[in-house]
Amino acid sequence: RSHDYDRDRYPRRYGFERIAFDNGYRDGLREGEKDDRHDDRFDYRDEGRFRSGDSGYRREYGPRYEYVSVYRRGFVEGYRRGYANVRSRGRYDDREWRDGRRYDR
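What counts, and at which threshold
- Residues numbered from 1 in each chain as written.
- Predicted model: local features only at pLDDT ≥ 70, side-chain atom pairs only at ≥ 80, totals over all residues.
- Heavy atoms only, no water.
- Phe/Tyr/Trp six-rings, centres within 6.5 Å; stacked < 30°, edge-to-face > 60°.
- Helix = DSSP H or I, 4+ residues; strand = E, 2+ residues; numbered from the N terminus.
- Buried < 20%, exposed > 50% of the residue type's maximum accessible area, 1.4 Å probe, protein only.
- Lys NZ or Arg CZ within 6 Å of the ring centre and 35° of its normal.
- Lys, Arg positive; Asp, Glu negative; His and termini not counted.
- Salt bridge = Lys/Arg side-chain N within 4 Å of Asp/Glu carboxyl O.
- Contact = heavy atoms within 4.5 Å.

A. Up close: the packing of aromatic side chains. Under the criterion given, the structure shown has 14 aromatic pairs. Judged by centre distance (5.1 Å) and plane angle (90 degrees), the ring pair of Phe42 and Tyr83 falls under edge-to-face. In this pair, Phe42 is assigned in the loop between helix H2 (16-37) and helix H3 (48-52) and Tyr83 in helix H4 (residues 64-89), connecting sequence segments 41 residues apart. By relative accessible area, Tyr83 is classed as buried at 10%. Within the aromatic cluster, the residues linked to one another by ring pairs are Phe42, Tyr44, Phe50, Tyr57, Tyr61, Tyr67, Tyr71, Phe75, Tyr79 and Tyr83. A cation over a ring is seen here: Arg72 above Phe50, with NZ or CZ 5.5 Å from the ring centre.

B. Broad picture of the side chain of Glu47. Along the polypeptide, Glu47 turns up in the loop between H2 and H3. No salt bridge is formed by the buried Glu47; the nearest opposite charge belongs to Lys34, separated by 4.5 Å. Contact partners of Glu47, with chain neighbours within four places excluded, come to Glu31, Asp35, Phe75 and Tyr79.

C. Structural context of the pattern of salt bridges. The final tally for this structure, using the stated rule, is 8 salt bridges. When the shortest N-O distance is used, the salt bridge between Asp27 and Arg30 registers 2.6 Å. Here the residue Asp27 and the residue Arg30 both occupy positions in helix H2, the gap between them amounting to 3 residues, near one helical turn. Given the relative accessible area of 2%, Asp27 is considered buried. What you see here is one network of salt bridges that share partners, running through Asp27, Arg30 and Arg49.

Laid out in structure tokens, this is it:
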């Protein structure tokens, strides 16, 4: 019966990994692109959301430390992708961006 208790207490427990990873990936992608656009060095460890690691966390996901671990994995992957994407597209000036998205003039 104890496993029923856990399921009731953490109803989304077994899907939290996808949520945590996706939240981290999205935040890391945004920060990686921003750092590259501004010619900042590649360093995800100085980002506040990476350090806290709990952006998007909800109690029903289970223990915070497990969410943080998966979130940070997603953040690192997203940051790497974001930093590399800007490099591969070449340089552009900030007027080409609105609300974090590129637009065609």
